[in-house]
Amino acid sequence: MAKKVLIIGAGGVGHVVAHKCAQASETFGDIVLASRTESRCRLIADDVSRRLGRSIKTATVNADDEASLISLIEREQPDLLIHVALPYQDLVIMNACIKTRTHYLDTANFEPRDTAKFEYVPQWKLAGEFEKAGVMALLGSGFDPGVTNVYTAWAAKHCLDTIEYLDIVDVNGGNHGQPFATNFNPEINIREVTAPCRHWEDGAFVETPALSMHMPFECPEDVGTYEIYRLYHEEMESLVRNFPGIRRAQFWMSFSQNYLKHLEVLQNVGMTRIDPVSYNGMEIVPLQFLKAVLPEPSSLGPLTRGQTCIGIIARGKRNGVDKSIYIYNICSHEDAFSEVGSQAISYTTGVPAMLGAKMMLDGKWMKPGVFNMENFDPDPFMDEIGRFGLPWKLQDPARVRDSF
Ligand code: NDP
């Protein structure tokens, strides 16, 4: 029987999640979309109605306020809540889900507002309370984290006896033609990119200066060659815990010279600061002000051309012999826009958010507690993700590059 879902957050990712839940009507019967600004929910609901002929209910909520969240959940009685607002709200929303016994899913791990760090530990600490309430939380069900975790679990299940080296490579070969813009929430994006890099090596995270390590990466098929930069990314925290044989884990993301040049200037002039400064008798946070003047990520949809290519390169042993594999997805910005009206970054995050929720509600991934994607059997997810728009491929191991 189809279930009821409550989506929190009507940004770029929320737009895709709403469309994808509406497409999967066998699982998602009623859909409610709530955000701080209800007019944004209405625009999305109108688009879903026009494209798919399904109606979505909308509401306003401040997800920083547990009481107002609880009253929304009690009023709507959803089976599951998909949180695609901001990582600052993870713990408040999780606590509201515990109190109302509602299943929970998010796409980004908890981040305190006043420090540019993000970690799973405070969310994992709620495992006992989720168990006691008899409900489940699925953490990081986007692309990276999310699909990359499932790719790793699939590699460990089907291809390698041990994974020793893991490289996650996120290339955005798209171009939106703007002098400077970010493809998802600018505040979260810039905090992530400007933080010191950490990668896993021989049992510990090693810190190096932000963006100091880089190299060219040749993507498969016709995507092209891009400069990729090593940075810290949250899925490494859970993957090295769940696959303790990993000796080194690194995350790489492509950036254009133009993006990096703008970022350097913004940093140099203090516009990426996250501490409040006094301006005209009031306190403002420069990075939050910057967000307000940058293009909305959701406005980039019609402008972006090109493809993303995100995947994992896992190296280890199979039957005592060295083996490497590369699993990846290529997603076209233009195809994503013509299907749901979003660019590929929101699309590649929104599709797995919907599919993670579908795995839970269909009972394929369901047990009380707090889990990451790799804690479950990857097969049903890998079987279904292609039909929802993100097909994956396994590159001929002989062609996997060895330069990492
Ligand atoms: P946007 O900034 O486009 O959207 C965020 C939405 O959340 C906005 O509609 C905003 O409302 C709403 N919101 C913010 N604060 C509150 C609040 N207190 N109460 C209710 N609603 C609120 O971000 P994105 O859609 O680009 O990203 C959404 C999430 O997805 C982020 O957590 C991001 O980190 C994550 N993400 C994960 C990826 C992955 O692969 N795992 C990749 C990309 C993103 P308003 O419109 O009023 O400001």
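Cut-offs applied
- Residues numbered from 1 in each chain as written.
- Predicted model: local features only at pLDDT ≥ 70, side-chain atom pairs only at ≥ 80, totals over all residues.
- Helix = DSSP H or I, 4+ residues; strand = E, 2+ residues; numbered from the N terminus.
- Rg over C-alpha atoms; globule rule 2.2 N^0.38 Å.
- Buried ≥ 20, exposed ≤ 12 C-beta atoms within 10 Å, placed from the backbone.
- Near = placed C-beta within 6 Å.
- Nonpolar A, V, L, I, M, F, W, Y, C, P; charged D, E, K, R; others polar.
- Axes fitted to C-alpha atoms, helices over the stretch in contact; angles between N-to-C directions.
- Parallel < 35°, antiparallel > 145°, perpendicular 65-115°, else oblique.
- Left-handed = near helix turned anticlockwise from the far one by under 90°.
- Contact = placed C-beta atoms within 7 Å.
- Domains from an automatic or database assignment.
- Pairing = 2+ DSSP bridges.

Engineer: An account of the overall build of the protein chain is needed here, citing residue identities and associated values.
Structural biologist: Within the protein chain, the regular secondary structure consists of 14 helices and 18 strands. On C-alpha atoms alone, the protein chain measures out to a radius of gyration of 20 Å, which is about the 22 Å that the 2.2 N^0.38 rule sets for 404 residues. Across the 404 residues that make up the protein chain, the buried fraction comes to 49%.

Engineer: For the site of the ligand, give the residues involved together with the corresponding values.
Structural biologist: In the vicinity of the ligand, 34 residues are found, and the nearest of them are G11, R36, A63, G142 and F184. For the shell around the ligand, the secondary-structure elements that each account for two or more residues are α1 (12-23) and α13 (344-361). At three residues, the largest contribution of residues to the shell around the ligand is made by α1. A breakdown of the residues in the shell around the ligand according to their chemical character gives 15 nonpolar, 15 polar and four charged.

Engineer: Describe the packing of helix α3 (residues 66-76) against helix α4 (residues 90-100), with residues and values.
Structural biologist: For the pair α3 and α4, interaxial distance at closest approach is 9 Å and the crossing angle is 45°. Between α3 and α4, the crossing angle belongs to the class labelled oblique. Crossing angle aside, the handedness with which α3 passes α4 is right-handed. Contact residues: α3 offers E66, L69, I70, I73 and E74, while α4 offers V92, I93, N95, A96, K99 and T100.

Engineer: Provide a residue-level description of the domain arrangement of the protein chain, including the pertinent values.
Structural biologist: Think of interface size as the accessible area that goes away when the parts come together; that is how it is often given. Per the domain assignment, the segments making up the protein chain are domain 1 (3-139) and domain 2 (147-340 + 391-399). Computed from C-alpha coordinates alone, the two centres of domain 1 and domain 2 are separated by 24 Å. Of the residues lining the interface, 13 residues belong to domain 1; the matching set on domain 2 comes to twelve residues. Here the side of domain 1 that touches domain 2 is built from residues that sort into six nonpolar, five polar and two charged.

Engineer: Can you tell me about the pairing of strand β11 (residues 225-230), naming the residues and giving the values?
Structural biologist: With five bridges connecting them, strand β10 (residues 214-218) and β11 associate as antiparallel partners. Residue pairing in the sheet places M215 in a bridge with I228 of β11. Hairpin connection, β10 to β11: the antiparallel pair is bridged by six residues, and E221 has positive phi, about 55°. Judged from the three bridges that link them, β11 and strand β12 (residues 248-254) form a sheet pairing that is antiparallel. By the bridge assignment for β12, R230 is matched with W252.

Engineer: Describe the environment of E235, and please don't skip the residues or the numbers.
Structural biologist: For E235, the position within the fold is in helix α9 (residues 235-242). Given 28 C-beta atoms within 10 Å, E235 falls into the buried group. Between the C-alpha atom of E235 and that of N109, which follows or precedes it by 126 residues, the distance is 9.0 Å. With residues up to four places along the chain from it excluded, the contact list for E235 reads G140, D144, P145, T148, N149 and I168.

Engineer: Before we move on, can you summarise the sheet that holds strand β1 (residues 3-8) with the specific residues and values?
Structural biologist: The strands making up a sheet are joined through hydrogen bonds of the backbone, oriented either antiparallel or parallel. Reading across the sheet, the seven strands line up as β3-β2-β1-β4-β5-β6-β17 and stay open at both edges, with parallel pairing between neighbours. Only two strands of the sheet have a single neighbouring strand rather than two, namely β3 (57-60) and β17 (369-372). Here the average twist between neighbouring strands, direction ignored, is 20°. Alignment of strand β6 (residues 136-139) against β17, held across four bridges, turns out to be parallel. Residue M136 lies in a different strand from β17, and its bridge partner there is G369.

Engineer: Please provide a residue-by-residue account of the packing of α1 against helix α2 (residues 38-52), values included.
Structural biologist: Two numbers describe how α1 lies on α2: the axes approach to 10 Å, and their chain directions differ by 35°. As for how α1 packs across α2, the hand of that crossing is right-handed. For the pair α1 and α2, contact is made by G14, H15, A18, H19, A22 and Q23 and by I44, V48, R51 and L52, respectively. In terms of residue class, the contact of α1 with α2 is built from five nonpolar, four polar and one charged.

Engineer: Kindly report on unusual backbone geometry, identifying the contributing residues and their values.
Structural biologist: Peptide bonds are mostly trans, and most non-glycine residues show a negative phi. Following D144, the chain continues to P145 via a peptide bond in cis, the omega torsion being 10°. Mapped onto the fold, P145 is located in the loop between β6 and α7 (147-158). Phi is positive for D202, close to 50°, though the residue is something other than glycine. As for its position among the elements, D202 is in the loop between β8 (197-201) and β9 (204-208).

Engineer: Describe α9, listing the residues and the values that go with them.
Structural biologist: Each α-helix winds once per 3.6 residues, and so residues spaced three or four apart point in a common direction. With respect to burial, α9 is a largely interior element, six of its eight residues being buried. What α9 keeps buried is the set E235, M236, E237, S238, L239 and V240. Along its buried surface, α9 packs onto α7, β7 (162-172), β8, β12 and β17.

Engineer: Lay out the pairing of β8 in plain terms, naming residues and giving numbers.
Structural biologist: Among the five residues in β8, four count as buried, and that is most of the element. Taken together, the five bridges between β8 and β9 define a ladder with antiparallel strand orientation. Its bridge partner lying in β9, H199 is registered against V206. The loop that links β8 with its antiparallel partner β9 comprises two residues; one of these, D202, has a positive phi angle of about 50°. Across two bridges, β8 lies against β12 in antiparallel orientation. By the bridge assignment for β12, E201 is matched with R248.

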